[in-house]
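So the chains spell out like this:
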Amino acid sequence: MHSTDVVARLADEFGAAVSFGTPLAAHTTLRLGGPAAAIVTCTTTDMLAGVVRRLDQEQVPVLILAGGSNLVIADDGVDAVVVRVAATSYSIDGAVVHAEAGTNWDTVVAASVVAGLGGLECLSGIPGSTGATPVQNVGAYGVEISSVLRRVKLLDRASGNVHWVDPADLHLSYRHSILKNTDTAVVLSVEMGLLDDGLSAPVRYGELARNLGAAEGDRVAAAQVRDAVLKLRGSKGMVLNSQDHDTWSAGSFFTNPVVSREDLPRVLAAIHERLGDDIAVPQFASADGGVKLSAGWLIERAGFSRGFPGEDARARLSTKHTLALTNRGDATTADLVGLARTVRDGVRDAFGVDLHPEPVFVGAQL
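Since this is a predicted model, take the numbers as computed values, not measurements.

Cut-offs used in this document
Residues numbered from 1 in each chain as written. Predicted model: local features only at pLDDT ≥ 70, side-chain atom pairs only at ≥ 80, totals over all residues. Heavy atoms only, no water. Helix = DSSP H or I, 4+ residues; strand = E, 2+ residues; numbered from the N terminus. Rg over C-alpha atoms; globule rule 2.2 N^0.38 Å. Buried < 20%, exposed > 50% of the residue type's maximum accessible area, 1.4 Å probe, protein only. Contact = heavy atoms within 4.5 Å. Areas by Shrake-Rupley, 256 points an atom, 1.4 Å probe, with all protein chains shown as cover. Lys, Arg positive; Asp, Glu negative; His and termini not counted. Charge placed at Lys NZ, Arg CZ, Asp CG, Glu CD. Axes fitted to C-alpha atoms, helices over the stretch in contact; angles between N-to-C directions. Left-handed = near helix turned anticlockwise from the far one by under 90°. Nonpolar A, V, L, I, M, F, W, Y, C, P; charged D, E, K, R; others polar. Phe/Tyr/Trp six-rings, centres within 6.5 Å; stacked < 30°, edge-to-face > 60°. Polar contact = N/O pair within 3.5 Å; in protein donor to acceptor, adjacent residues only side chain to side chain. Expected span 1.5 Å × (residues − 1). Pairing = 2+ DSSP bridges. Salt bridge = Lys/Arg side-chain N within 4 Å of Asp/Glu carboxyl O.

S.K.: What exactly am I supposed to notice about the overall build of the chain here?
M.R.: Secondary structure summary: the chain contains 8 helices and 19 strands in total. Computed over its C-alpha atoms, the radius of gyration of the chain comes to 21 Å, within 12% of the 21 Å expected for a compact globule of 366 residues. In terms of principal-axis extent, the alpha carbons of the chain reach across some 70 × 50 × 40 Å. In the chain, buried positions account for 51% of the 366 residues. In the chain, the proportion of contacts linking residues at least 24 apart, taken out of those at least 6 apart, comes to 61%. Summed over all atoms, the accessible surface of the chain reaches about 15800 Å², with 47% contributed by carbon and sulfur. Each charge class in the chain was averaged separately, 31 positive and 42 negative side chains, and the resulting centres sit 3 Å apart.

See the structure below:
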């Protein structure tokens with residue numbers, strides 16, 4: 001059966017909404033991306049599982065898309081059926097939060113804070129869907145989703161079975177899990193266990209602690225931390241605003257590089273040779289025993305200032321935060337990828353450090 005016929009039947013079989021030839025730019029926070037062969041929107045978890053099973057059975061190429069906040073899609077689009085994850089219900093039972101994969105992430109965070117729960121407040125304002133959070137172990141301001149995750153419901157695409165998995169089975173690490181950059185499973189829902197005393201997780205990020213007037217390690221009212229995080233993210237153009245092109249991005253474009261302790265002296269020598277011996281280099285211990293450096297700091301010191309390469313460029317670094325690559329309104333994916341290459345290569349040439357992209361590339365390459 002032709003894939004178009006298969007897709008057309010999904011509306012009758014599962015009640016899914018189907019459209020053809022729609023540009024994917026409308027479904028990504030970068031506002032970039034060409035058309036898909038078709039878009040199938042699934043508004044319940046059962047619908048989502050059924051649609052993906054059927055497309056897999058018919059061997060139709062599939063791209064799973066939810067909030068679109070972590071995707072760089074080629075200008076030519078994708079020769080695949082895009083399945084939109086739009087199941088958006090959530091519930092709170094005591095200190096346990098359960099959310100379907102399509103639920104807006106910040107909606108879940110806000111609801112948890114209103115319910116007097118702590119643990120998610122540092123992840124306020126992050127765009128995208130709840131289902132994406134375990135895929136790349138979403139984190140901000142010293143907190144990662146792995147710290148609160150209880151279990152994740154997955155559709156195993158090889159078998160078609162739905163089952164719950166423990167966080168340990170996902171091998172969560174810095175901005176990564178075994179689910180990232182694979183198509184073996186689809187996240188259907190997420191369950192998290194939070195703190196029930198109205199206080200935040202211990203504040204572990206210096207900038208946030210200073211804004212709160214707290215010491216690192218203190219626990220503060222979760223609502224107070226959420227407000228502070230939203231203000232900090234907003235000042236950096238990291239809270240979505242359709243009127244602000246600094247937010248037309250995929251968030252932090254590069255992950256903070258982790259350098260082995262054996263390689264660290266070489267990197268520091270390159271930094272000091274370029275910037276001087278008295279320069280203080282931000283360094284943080286990494287869970288794997290290496291040293292994490294600040295990608296934003298390296299980008300700026302390599303000569304890429306906010307707003308690079310200039311006002312006439314269609315794709316630019318944010319004017320508020322050098323770690324975000326932005327669409328100024330009429331950019332193409334090719335423009336954005338070209339800018340990313342320039343920044344990546346510039347940091348490598350200056351300091352011998354490789355930056356790796358955080359978003360997932362579809363039909364495009366860095």
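The discussion continues.
S.K.: What should I look at first to understand the packing of helix H1 (residues 3–14) against helix H2 (residues 45–57) in this one?
M.R.: Packed helix pairs are characterised by how far apart their axes lie and by the angle those axes make with each other. H2 packs onto H1 with a crossing angle of 145° between their chain directions and a minimal axis gap of 11 Å. Here the hand of the crossing between H1 and H2 comes out right-handed. Residues Val-6, Val-7, Leu-10, Glu-13 and Phe-14 of H1 lie in contact with H2, whose contacting residues are Met-47, Gly-50, Val-51, Arg-54 and Leu-55.

S.K.: What exactly am I supposed to notice about the packing of helix H3 (residues 105–114) against helix H5 (residues 222–235) here?
M.R.: Closest axis-to-axis distance for the H3/H5 pair is 9 Å, and the angle between their directions is 145°. Two secondary-structure elements touch here, H3 through Asp-106, Val-109, Ala-110 and Val-113 and H5 through Ala-222, Ala-223 and Arg-226. Residues that form the contact of H3 with H5 fall into these classes: 5 nonpolar, no polar and 2 charged.

S.K.: Could you clarify how one ought to interpret the packing of aromatic side chains in this entry?
M.R.: The geometry of an aromatic ring pair is captured by the separation of the ring centres together with the interplanar angle, meaning the angle of the planes. On inspection of all chains with the given rule, the structure shows 4 aromatic pairs. Summarising the aromatic geometry, the rings of Phe-253 and Phe-361 are spaced 6.1 Å apart at their centres and angled 80° between planes, so their arrangement reads as edge-to-face. Placement of Phe-253 in the loop between strand S13 (249–252) and strand S14 (258–259) and of Phe-361 in strand S19 (residues 360–362) is noted, with a sequence separation of 108 residues between them. Phe-253 gets classed as buried once you look at its relative accessible area, which sits at 1%. A ring pair is formed by Phe-304 and Phe-308, whose centres lie 4.9 Å apart and whose planes are at 80°; its orientation type is edge-to-face. A residue is classified by how much of its surface remains accessible, and Phe-304, at 8% relative accessible area, is buried. The structure contains a cluster of three or more aromatic residues connected by ring pairs, namely Phe-253, Phe-254 and Phe-361.

S.K.: Would you mind showing me how to read the side chain of Arg-328 here?
M.R.: Residue placement: Arg-328 occurs in the loop between strand S18 (324–327) and helix H8 (333–351). By relative accessible area, which is 18% here, Arg-328 ends up buried. For Arg-328, the side chain forms a polar contact with the side chain of Asp-246, separated by 2.8 Å. Excluding its chain neighbours within four sequence positions, the residues that come into contact with Arg-328 are His-245, Asp-246, Ala-313, Arg-314, Arg-316, Ser-318 and Thr-319.

S.K.: Just to check I follow, could you spell out H8 for this structure?
M.R.: In an α-helix, one turn spans 3.6 residues, which is why side chains three or four residues apart end up on the same side. With 19 residues, H8 ought to run about 27 Å at 1.5 Å a step, and its terminal C-alpha atoms sit 27 Å apart, in line with that. Among the residues making up H8, those that are buried are Thr-333, Leu-336, Val-337, Leu-339, Ala-340, Val-343, Arg-344, Gly-346, Val-347, Ala-350 and Phe-351. Looking at the buried residues of H8, the elements they touch are strand S4 (71–73), helix H6 (264–275), helix H7 (295–301), strand S17 (315–317), S18 and S19. Looking at the residues trailing H8, positive phi occurs at Gly-352, about 70°.

S.K.: Can you walk me through the pairing of S18 in this structure?
M.R.: For a regular strand, side chains alternate in direction, first toward one face of the sheet and then toward the other. On S18, burial covers both faces: Ala-324 and Thr-326 on one face and Leu-325 and Asn-327 on the other are all buried. Pairing between S13 and S18: 2 bridges, direction antiparallel. Bridging across to S18, Ser-252 finds its partner in Ala-324. When S17 meets S18, the two strands line up antiparallel, connected through 3 bridges. Bridge pairing in S18 links Ala-315 to Asn-327.

S.K.: Explain the pattern of salt bridges to me, please; I cannot follow it from the model alone.
M.R.: The full count for this structure, using the stated rule, is 17 salt bridges. For Asp-244, the salt bridge is made with Lys-320, and the minimal N-O distance between the two is 3.0 Å. Residue Asp-244 is found in the loop between H5 and S13, and its partner Lys-320 is found in the loop between S17 and S18; the two are separated by 76 residues along the sequence. Accessibility expressed as a relative area gives 18% for Asp-244, which makes it buried. When its relative accessible area of 26% is taken as the criterion, Lys-320 is described as partly exposed. Residue Asp-354 pairs with Arg-348 through a salt bridge whose shortest N-O separation is 2.7 Å. For Asp-354, a relative accessible area of 39% translates into the label partly exposed.

S.K.: I would appreciate a short explanation of the sheet that holds strand S6 (residues 90–93) in the present structure.
M.R.: Sheets are built from strands paired through backbone hydrogen bonds, the pairs being either parallel or antiparallel. Overall, antiparallel pairing links the 5 strands, which are arranged S6-S7-S12-S10-S11 in an open sheet. At either end of the open sheet lies a strand with only one pairing partner, and these are S6 and strand S11 (162–165). Strand after strand, the sheet turns through a mean of 20° between neighbouring axes, direction not considered. Here S6 runs beside strand S7 (residues 96–100); their pairing, made up of 4 bridges, is antiparallel.

Remember, this is a structural readout, not a statement about activity or role.
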